[in-house]
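Working through the structure, step by step
Each chain is listed here by its residues.
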Amino acid sequence: PAGKPTLYGSLTRRGLSTEGVPDIAASEGFVVGEVTKKSILISCPHENVSTKFLAPYTSFCRIHQKSITCLDISSGGGLGVSTSTDGTMKIWQAANGEIRVRASSFVVCCLFFPSGLVVLSGGMDAQLKIWSAEDASCVVTFKGHKGGILDTAIVDRGRNVLSCSRDGTARLWDCGKSACLGVIADCSSPINGIAVGTADNSLNLGTPEKAPSEREVGTEGKILLLAREDKKLQGVGLQSRQPVFFFVGSDAFNCCAFLSSTYILAGTQDGNIYQLDVRNTNSPIQVIHRSGAPVLSLLPYRDGFIASQGDGTCFIVQQDLDYVLDLTEADCDPVYKVASWEKQIYTCCRDGIVRRYQLSDL
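Residues numbered from 1 in each chain as written. Predicted model: local features only at pLDDT ≥ 70, side-chain atom pairs only at ≥ 80, totals over all residues. Heavy atoms only, no water.

**Brief notes about the nonpolar core**
Burial of nonpolar side chains together is a common tendency in soluble globular proteins. Among the nonpolar cores identified, the biggest contains 26 residues, and Val 119, Phe 142 and Val 161 are the most heavily contacted of them. Secondary-structure elements contributing two or more residues to this core are strand S8 (79–84), strand S9 (88–93), strand S10 (99–104), strand S11 (107–112), strand S12 (118–123), strand S13 (128–132), strand S14 (138–142) and strand S15 (149–155). Element by element, the count of residues in this core is highest for S11, at four residues. Setting aside residues up to four positions removed in sequence, Phe 142 forms contacts with Ala 126, Gln 127, Leu 128, Ile 130, Val 161, Trp 173, Asp 174, Cys 175, Ser 178 and Ala 179. By size, the runner-up hydrophobic cluster in this structure holds 18 residues, among which are Phe 245, Phe 253, Phe 258 and Tyr 274. (Core = buried A, V, L, I, M, F, W, Y, C linked by side-chain atoms within 4.5 Å. Buried < 20%, exposed > 50% of the residue type's maximum accessible area, 1.4 Å probe, protein only. Helix = DSSP H or I, 4+ residues; strand = E, 2+ residues; numbered from the N terminus. Contact = heavy atoms within 4.5 Å.)

If you want it as structure tokens, here you go:
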């Protein structure tokens, strides 16, 4: 916790069993629990905290040559897509990292549609594009933003998509007509991240000033979260375009996510993860702070969430686990994005490596 002195300890490997499991000893104040080939459980009884450190099941080093800025896994778990500062977007086999197709495009964020057949990307050239996952051909280009696109989201099955930008706007797009259906929010500050979710029934989402276009599909009853550079987390009625709430945090918000129709998460540049109830955002339910490094991505996972930070930490918090699960090996390189499919977690990092973790044995 903030303000308390840090406890330091060391681990020593004393040997290896015939099955290849290391024999680990901890320094005073720490206790070694279960040890497997891929994981070590460490607890500190004095502070009543436990962490299980999990090594990657496999690492893909050859997908990109430079930093990987974003990645996603298709709904069936078969394909991965990633973008890199090497100027490419690549679609690859999730099982072995084998590259299927590549596109030369300076995009910073990418997302599979629910079908798994097409990919949505946003670039620093302010363009939003839809690509075929089969041959990486660009099917649609949306133009309208005045600054680089920082995040995207898909509404329901994907007839409409959303984007946010350095220009301070969040926009709704019609994929069929490749047209902008409207500006959902126009802020005085860059919007670093967005998330769309179904709102709790008790929430007043506002009423649209004019009847929505017939091209607008699946926006009713939805709320859009905006993680803003000016320390504000904003909720907007997706169909009404009306503000629902503002929450002021400790620093710029980088990312946000829905845990359920009532609970949301948002991460800041100074390392805070806020959990809020959308029905009452006056004060957070809890604030999680593991380090002062920027929170770069948040992903709902089972009955908890996965968070990654700028100091290489990536951890999983779950209600049914009495320990935090730490995904290791990124060292001090920022982990920019996390994606999951069933019991497999994928991370992408500044070191240019995609790591896959297997949670089946936990």
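Next comes the rest of the description.
**Section: the sheet that holds strand S26 (residues 286–289)**
With antiparallel pairing, four strands are arranged side by side in an open sheet as S23-S24-S25-S26. Strands with a single pairing partner mark the edges of an open sheet, and in this sheet they are strand S23 (253–258) and S26. Direction aside, the axes of adjacent strands within the sheet are offset by 20° on average. For strand S25 (residues 272–277) and S26, the ladder comprises four bridges, and the chain directions are antiparallel. Residue pairing for S26: Asn 272 is matched across the bridge by His 289. (Pairing = 2+ DSSP bridges. Axes fitted to C-alpha atoms, helices over the stretch in contact; angles between N-to-C directions.)

**A word on the side chain of Lys 129**
Note on placement: Lys 129 falls in strand S13. Summary of buried charges: Lys 129 has no salt-bridge partner, and the nearest side chain of opposite charge, Asp 125, is 5.3 Å away. Within the local environment of Lys 129, its side chain forms a polar contact with the side chain of Gln 127, the two groups lying 3.2 Å apart. (Lys, Arg positive; Asp, Glu negative; His and termini not counted. Salt bridge = Lys/Arg side-chain N within 4 Å of Asp/Glu carboxyl O. Polar contact = N/O pair within 3.5 Å; in protein donor to acceptor, adjacent residues only side chain to side chain.)

**Quick word on the UniProt feature "repeat: WD" (unreviewed entry) in the chain**
The feature "repeat: WD" (unreviewed entry), as given by UniProt, occupies residues 61–102, 112–141 and 142–174 in the numbering adopted here. Within residues 61–102, the helical portion is 0% and the strand portion 52%, while the C-alpha atoms at the span's ends are 16 Å from each other. (UniProt positions renumbered as here; feature names shortened; annotations may be inferred.)

**A short note on the packing of aromatic side chains**
One pass over the full model with this rule turns up six aromatic pairs. When the ring of Trp 92 is compared with that of Tyr 346, the centres are 6.3 Å apart and the planes differ by 50°; the resulting orientation is tilted. Of this pair, Trp 92 sits in strand S9 while Tyr 346 sits in strand S32 (residues 344–349); the two residues are 254 residues apart in sequence, bridging distant segments of the chain. Overall, Trp 92 belongs to the buried group, its relative accessible area being 0%. Between Phe 253 and Tyr 274, the aromatic rings sit 5.8 Å apart at their centres with planes inclined by 55°, giving tilted as the arrangement. With a gap of 21 residues between them, Phe 253 in strand S23 and Tyr 274 in strand S25 connect regions that are remote in the sequence. Per residue, the accessibility class of Phe 253 equals that of Tyr 274, and both read buried. Above the face of the Phe 315 ring, Arg 290 is positioned so that its terminal group lies 4.4 Å from the ring centre. (Phe/Tyr/Trp six-rings, centres within 6.5 Å; stacked < 30°, edge-to-face > 60°. Lys NZ or Arg CZ within 6 Å of the ring centre and 35° of its normal.)

**Details of unusual backbone geometry**
Here Ala 126, not a glycine, exhibits a phi torsion of approximately 70°, which is positive. Mapping Ala 126 onto the fold places it in the loop between S12 and S13. Residues other than glycine seldom take positive phi values, yet Arg 241 does so here, at roughly 65°. Inspection of the secondary structure puts Arg 241 in the loop between strand S21 (232–237) and strand S22 (243–248). In this structure Arg 241 comes out as partly exposed when scored by relative accessible area, which is 23%.

**Comments concerning the sheet that holds strand S7 (residues 68–73)**
Taken in spatial order, the four strands make up an open sheet running S7-S8-S9-S10, and their pairing is antiparallel. With partners counted over all chains shown, the strands left at the sheet margins are S7 and S10, one partner each. Shown here is a sheet whose adjacent strand axes are inclined to one another by a mean of 15°, direction ignored. Sheet analysis places S8 next to S9, joined by five bridges and oriented antiparallel. Considered in S9, the bridge of Ser 82 is made with Lys 90.

**Examining the environment of Arg 241**
Residues Arg 241 and Gln 269, 28 residues apart in the sequence, show an inter-C-alpha distance of 27 Å. Apart from the residues lying within four places of it in its own chain, the contact partners of Arg 241 are Leu 172, Leu 181, Gly 182, Val 183, Ile 184, Glu 216 and Val 236. Of note is the side chain of Arg 241, whose polar atom sits 3.0 Å from the side chain of Glu 216. Polar contacts involving the side chain of Arg 241 include one to the main-chain carbonyl oxygen of Gln 239, which spans 3.4 Å.

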